[in-house]
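# Structure assessment
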Amino acid sequence: MNAVPLRKDEIFATPSQDQEEGRPLLPVSKDKAPVLTAPTLPFGLKLPEPRAALEAAWPPLAGIGGFLALWALLAPLVQTSLGALPGPGDVWSAFLGLIDEYQAARITAAESVAAGYAFTGPPTFIDQIVTSLETVAAGFILATIVAVPLGLVAGMSKRVNAAINPLVQVMRPVSPLAWLPIVTMVVSASVTSDDPTLAKSFIISAVVVMLCSLWPTLINTAIGTASIDKDLIAVGRVLRLGWFAKLTRLVLPSSLPYIFTGMRLSLGTGWMVLIAAEMLAQNPGLGKFVWDEFQNGSEKSLARIMVAVVVIGLIGFALDRVMMAMQAFVSRNRTV
């Protein structure tokens, strides 16, 4: 019986230049081929695999496509005092028209400034979007400044929590429509200058947004502060940390995920409240744009109102995604 000799390359892998001399070689196995990993991004983030991205993307895309198709089919069947309900194509055309108006207004403004005159034309749709974002940002910042410290104190003290809890439960369900007349009278009596730094309508809208949006941040901050691990509190006592050191080193880092959850809810609430506040306060934003188009009653008004509705929804979605990303970044490596 003749033995068949085996070649060396059938048993051992070809040595690489990086391998040390004299180190035993292992057989190459197809099952242990190198696995390609997704490229990493800053802060340890990773891009999803193409297959996983496709599996996650096609259901919402299919839902949006089905909604647009249903909208296009049913819109001509809905008749209003201004004609048939605009379909997706009509809304897109109205949006392009608003963009053209904005570009024309910018050209006119540049010509006025070059001639030495101030541009006094009405705000365009894009200008009103910017105003609404500035207003909701002002109200949201004011709400955060009030809610976070108060929530931390309430979470750290059971007596303070018991004292403010009835007030929170009573004030939280109050509608912005109820706050608006009170805020309007207070701001009108307080701002008496003929040329104030901030317009009264802007202040009124921002304060109404603050009053209606601070409660989710306040409640979540208090809950997060009160639910801190008791072992951390014991460590603080052992180390004899003062009140401020305990707050900054133990309480605040542990409650950050709860705080950002409350801020996310507050921002969504503030964006919804803002539109109603702008309608009634006549602050030049998206709410006023919708109200003016409704009062205008032209054949293009309905399509332009629907453009505003879509933009309001998209901006609200974008704001929520931004806050969700901030929450995920703050809450990484944490268990909430």
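A quick note: this is a predicted structure, and the numbers were derived from the prediction, not measured.

Turning our eyes to something else, we now look at the overall build of the chain. Regarding its fold elements, the chain presents 11 helices and 2 strands. Helices (α) and strands (β) of the chain occur, in sequence order from the N terminus, as α-α-β-β-α-α-α-α-α-α-α-α-α. The buried share of the chain, taken over its 336 residues, is 31%. Within the chain, residue pairs in contact and separated by at least 24 positions form 71% of the contacts whose partners lie at least 6 positions apart.

Further remarks concern the packing of helix α4 (residues 125–156) against helix α11 (residues 301–330). Describing two packed helices takes the angle between their axes plus the distance from one axis to the other. Between α4 and α11, whose axes approach to 12 Å, the crossing angle comes to 40°. Overall, the two elements α4 and α11 adopt an arrangement that is oblique. The two elements α4 and α11 meet at a crossing, and its hand is right-handed. Every residue of α11 that contacts α4 at Phe125, Ile129, Leu133 and Phe140 is listed here: Val307, Ala308, Val311, Ile315 and Met323. Here the residues of the contact of α4 with α11 sort into 9 nonpolar, no polar and no charged.

With that settled, consider the environment of tyrosine 102. Note on placement: tyrosine 102 falls in helix α3 (residues 88–114). The class of tyrosine 102 is partly exposed, set by a relative accessible area of 25%. Put simply, tyrosine 102 and aspartate 127 are 25 residues apart on the chain and 8.2 Å apart in space, counted from C-alpha to C-alpha. Ignoring sequence-local partners within four residues, the contact set of tyrosine 102 consists of Thr124, Ile126 and Asp127.

Residues Leu70, Leu73, Leu74, Leu77 and Val78 make up a contiguous nonpolar surface patch of about 510 Å² in total accessible area. Among the secondary structure elements, leucine 70 is positioned in helix α2 (residues 50–74). On the accessibility criterion, leucine 70 (48% relative accessible area) is partly exposed.

A few words on the side chain of threonine 217. Examined against the element boundaries, threonine 217 turns out to sit in helix α7 (residues 200–226). From its side chain, threonine 217 meets the backbone oxygen of glycine 262 in a polar contact 3.1 Å long. Polar side-chain contacts of threonine 217 include one of 3.4 Å to the backbone nitrogen of methionine 263. Sequence-distant contacts of threonine 217, that is, excluding residues within four places in its chain, are made with Ala147, Val148, Gly262, Met263 and Ser266.

With that out of the way, let us pick up the confidence of the model for the chain. Atomic detail in the predicted coordinates should be set aside for any region of low pLDDT. Residue-level pLDDT values for the chain average 81, and 84% of them are 70 or greater. Low pLDDT, under 50, characterises residues 8–21; the stretch is placed with 8 contacts to residues that sit more than four places away or in other chains.

As a further point, take the packing of helix α6 (residues 176–190) against helix α9 (residues 243–281). Viewed as axis vectors pointing N to C, α6 and α9 meet at an angle of 45°, and their least axial separation amounts to 10 Å. Classified by the angle their axes make, α6 and α9 are oblique. Between α6 and α9 lies a crossing of right-handed hand. In this structure, α6 uses Pro176, Leu177 and Leu180 to contact α9, whose residues at the interface are Val273, Ala276, Ala277, Leu280 and Ala281. In the contact of α6 with α9, the residues fall into 8 nonpolar, no polar and no charged.

General note: in soluble globular proteins, nonpolar side chains tend to be found buried as a group. Within the largest apolar cluster, 55 residues are counted, with the highest numbers of intra-cluster contacts made by Phe125, Val208 and Leu286. If you list the elements that add at least two residues to this core, you get α3, α4, α6, α7, α9, α10 (286–296) and α11. Among the elements that make up this core, the one with the highest residue count is α9 (12 residues). Each residue touching valine 208, except ones within four places of it in the same chain, is listed here: Pro176, Leu180, Val183, Val273 and Ala277.

It is worth spelling out the pattern of salt bridges at this point. In this structure the tally under the stated criterion is 6 salt bridges. Put simply, lysine 288 and aspartate 292 hold a salt bridge, and the shortest N to O gap is 2.8 Å. Of this pair, lysine 288 and aspartate 292 both sit in helix α10, 4 residues apart, which is roughly one turn of that helix. Measuring nitrogen to oxygen at the nearest pair gives 3.1 Å for the salt bridge that ties glutamate 293 to arginine 304. On the criterion of sequence distance, the pair formed by glutamate 293 in helix α10 and arginine 304 in helix α11 is long-range, its members being 11 residues apart.

Along the chain, leucine 85 turns up in the loop between β2 (83–84) and α3. Owing to a relative accessible area of 25%, leucine 85 belongs among the partly exposed residues under this scheme. Between the alpha carbons of leucine 85 and alanine 75 there is a distance of 5.0 Å; along the sequence they are 10 residues apart.

So, about unusual backbone geometry. Here the phi dihedral of glutamine 282 falls at roughly 60°; this positive angle occurs in a residue that is not glycine. Locating glutamine 282 in the fold gives a position in the loop between α9 and α10. We classify glutamine 282 as partly exposed; its relative accessible area is 34%.

About the criteria used
Residues numbered from 1 in each chain as written. Predicted model: local features only at pLDDT ≥ 70, side-chain atom pairs only at ≥ 80, totals over all residues. Heavy atoms only, no water. Helix = DSSP H or I, 4+ residues; strand = E, 2+ residues; numbered from the N terminus. Buried < 20%, exposed > 50% of the residue type's maximum accessible area, 1.4 Å probe, protein only. Contact = heavy atoms within 4.5 Å. Axes fitted to C-alpha atoms, helices over the stretch in contact; angles between N-to-C directions. Parallel < 35°, antiparallel > 145°, perpendicular 65-115°, else oblique. Left-handed = near helix turned anticlockwise from the far one by under 90°. Nonpolar A, V, L, I, M, F, W, Y, C, P; charged D, E, K, R; others polar. Patch = residues over 30% accessible without salt bridge, like charges linked within 9 Å, V, L, I, M, F, W, Y side chains within 5 Å. Areas by Shrake-Rupley, 256 points an atom, 1.4 Å probe, with all protein chains shown as cover. Salt bridge = Lys/Arg side-chain N within 4 Å of Asp/Glu carboxyl O. Polar contact = N/O pair within 3.5 Å; in protein donor to acceptor, adjacent residues only side chain to side chain. pLDDT = per-residue confidence, 0-100. Core = buried A, V, L, I, M, F, W, Y, C linked by side-chain atoms within 4.5 Å.

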